[in-house]
Amino acid sequence: MQIVFLGPPGAGKGTQAVMLADKKGFLHLSTGDILRENVKNGTLIGKKAKAFMDKGELVPDNIVIEMMLDTIKNTRSHEDFILDGFPRTVYQANNLDRELNKLKLPIDMVVYFKASIKTVILRLTDRRLCSKCGASYHITNMPPKKQGVCDKCGSELYQRKDDSEKTIKKRLEVYNSQTKELIDYYKSQGILKEVSGDMEASKVYSELSEILTPPFLLQRDASKQKELG
Ligand code: AP5
Ligand code: MG
């Protein structure tokens, strides 16, 4: 099953994708995470992408499309995946559709996380991430057990450079002008489902699980159970 997560920055796409990956075995392919990894490792992609990311602008389509289509082609064909943060422009969506059709892996569902501006600003300004394993926290909503330290691996937490108030506003502008139109794009394909991203994470997850249940995940759960013996 191929799912796309769509929604404004801070709507909870990454948080829900990690939960779904943990509980249902989906592969979580986050464009933002892959780009940040490239920046960290100083690759050519990272060098080209950094300035755009720091300013809260989209990385040029050609760079992101090639990077994500390569990533998808490198997944094993039986693996279910979530595309988190890709596509973000109609041009990216057209390229993705074309490639997935060639691979006979068309998108099954696009989940749109609807969230208010107030929610996303509060979430992003107080988000913290693990410098080693990438786990995500929120100072008040999802705090780590020990302040500034990752529960999972004990490494230091940091704040994303683009999570400053000024850059968050820019990211929201970019979302409204370049990404939001994908809601209608996928609605017209009949594959868009909406969840309320404003609720607490466990409630969002319940809504998401309901949407994803029949018939896909029932089949998935059965095969996963079999695998686990
Ligand atoms: P990316 O990393 O994708 O950032 P984003 O879309 O701006 O989204 P976020 O990761 O900020 O938000 P999220 O929805 O994942 O929220 P999260 O779950 O973390 O992209 C970064 C940059 O890379 C872009 O600006 C661009 O430059 C570039 N880029 C990426 N994709 C691209 C593309 N396709 N084309 C071109 N350029 C691209 O949650 C946020 C916080 O809230 C966390 O602290 C979390 O703990 C908390 N939280 C989550 N859910 C809840 C909840 N339900 N209740 C309470 N707190 C919650
Ligand atoms: Mg994210």
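Structure first, text after, so check above.
Attention in this report is confined to the structure presented alongside it. (Residues numbered from 1 in each chain as written. Chains lettered and ligands numbered in written order. Predicted model: local features only at pLDDT ≥ 70, side-chain atom pairs only at ≥ 80, totals over all residues. Heavy atoms only, no water.)

## Things to note about the side chain of Arg-123
Within the element layout of this structure, Arg-123 appears in helix α6 (residues 117-125). Salt bridges are absent for the buried Arg-123, whose nearest opposite-charge side chain, Asp-198, sits at 5.2 Å. (Helix = DSSP H or I, 4+ residues; strand = E, 2+ residues; numbered from the N terminus. Buried < 20%, exposed > 50% of the residue type's maximum accessible area, 1.4 Å probe, protein only. Lys, Arg positive; Asp, Glu negative; His and termini not counted. Salt bridge = Lys/Arg side-chain N within 4 Å of Asp/Glu carboxyl O.)

## Some remarks on the site of ligand 1
By nearness alone, 35 residues border ligand 1, and Thr-15, Glu-57, Arg-88, Arg-127 and Arg-171 come closest of all. The contact in question runs from a nitrogen atom of ligand 1 to an N or O atom on the backbone of Gly-85, over 2.9 Å. The contact in question runs from an oxygen atom of ligand 1 to an N or O atom on the side chain of Arg-171, over 2.6 Å. Elements supplying a minimum of two residues to the shell around ligand 1: α1 (13-24), α2 (31-41), α6 and β6 (136-138). Looking at the shell around ligand 1 element by element, the count peaks at four residues for α2. (Near = heavy atom within 4 Å. Polar contact = N/O pair within 3.5 Å; in protein donor to acceptor, adjacent residues only side chain to side chain.)

## Some thoughts on the packing of aromatic side chains
Under the counting rule described, the total for this entry stands at two aromatic pairs. On the numbers, 4.8 Å between centres and 70° between planes, the contact of Phe-5 with Phe-113 is edge-to-face. Taken together, the residues Phe-5 in strand β1 (residues 2-6) and Phe-113 in strand β4 (residues 109-114) connect sequence positions 108 residues apart. Accessibility classification places Phe-5 together with Phe-113 in one group, the buried group. Plain terms: the ring middles of Tyr-185 and Tyr-186 are 4.9 Å apart, the flat faces sit at 90° to each other, and that makes the pair edge-to-face. The pair formed by Tyr-185 and Tyr-186 is uniform in burial state, with each residue classed as buried. When the ring centre of Tyr-205 is taken as origin, the NZ or CZ atom of Lys-23, which lies over that ring, is 5.2 Å away. (Phe/Tyr/Trp six-rings, centres within 6.5 Å; stacked < 30°, edge-to-face > 60°. Lys NZ or Arg CZ within 6 Å of the ring centre and 35° of its normal.)

## Quick look at the sheet that holds strand β5 (residues 127-130)
Within the open sheet, the three strands sit side by side as β6-β5-β7. Their pairing is antiparallel. Across the chains shown, the open sheet's two edge strands, defined by having one partner strand only, are β6 and β7 (157-158). (Pairing = 2+ DSSP bridges.)

## Here we look at the pattern of salt bridges
Per the stated rule, a full pass over the model turns up 11 salt bridges. One salt bridge connects Asp-54 with Lys-161, and the closest N-O pair in it is separated by 3.5 Å. With Asp-54 in helix α3 (residues 44-55) and Lys-161 in the loop between β7 and α7 (165-179), this pair connects stretches of sequence that are 107 residues apart. The class for Asp-54 is partly exposed, based on a relative accessible area of 24%. Note that Glu-99 and Lys-102 form a salt bridge whose closest N and O atoms lie 3.5 Å from each other. Of this pair, Glu-99 and Lys-102 both sit in helix α5 (residues 90-102), separated by three residues, roughly a single helical turn. Judged by relative accessible area, which is 61%, Lys-102 ranks as exposed. Because the salt bridges share partners, they merge into one network encompassing Arg-127, Arg-160, Asp-162, Asp-163 and Arg-171.

## Comments concerning the packing of α6 against α7
At a minimum axis distance of 10 Å, the contact between α6 and α7 shows a crossing angle of 140°. Overall, the two elements α6 and α7 adopt an arrangement that is oblique. Crossing angle aside, the handedness with which α6 passes α7 is right-handed. Here Ile-117, Val-120, Ile-121, Leu-124 and Thr-125 of α6 come into contact with α7, specifically with Glu-165, Ile-168, Arg-171 and Leu-172. Looking at the contact of α6 with α7 residue by residue, the class counts come to six nonpolar, one polar and two charged. (Axes fitted to C-alpha atoms, helices over the stretch in contact; angles between N-to-C directions. Parallel < 35°, antiparallel > 145°, perpendicular 65-115°, else oblique. Left-handed = near helix turned anticlockwise from the far one by under 90°. Contact = heavy atoms within 4.5 Å. Nonpolar A, V, L, I, M, F, W, Y, C, P; charged D, E, K, R; others polar.)

## Details of the packing of helix α4 (residues 61-73) against α5
For the pair α4 and α5, the least separation of the axes is 10 Å and the interaxial angle reads 25°. Taken together, the axes of α4 and α5 are roughly parallel relative to one another. The two elements α4 and α5 meet at a crossing, and its hand is right-handed. Side by side, α4 and α5 meet where Asp-61, Val-64, Ile-65, Leu-69, Ile-72 and Lys-73 of the first sit next to Tyr-91, Gln-92, Asn-95, Leu-96, Glu-99 and Leu-100 of the second. The class makeup of the residues in the contact of α4 with α5 is seven nonpolar, two polar and three charged.

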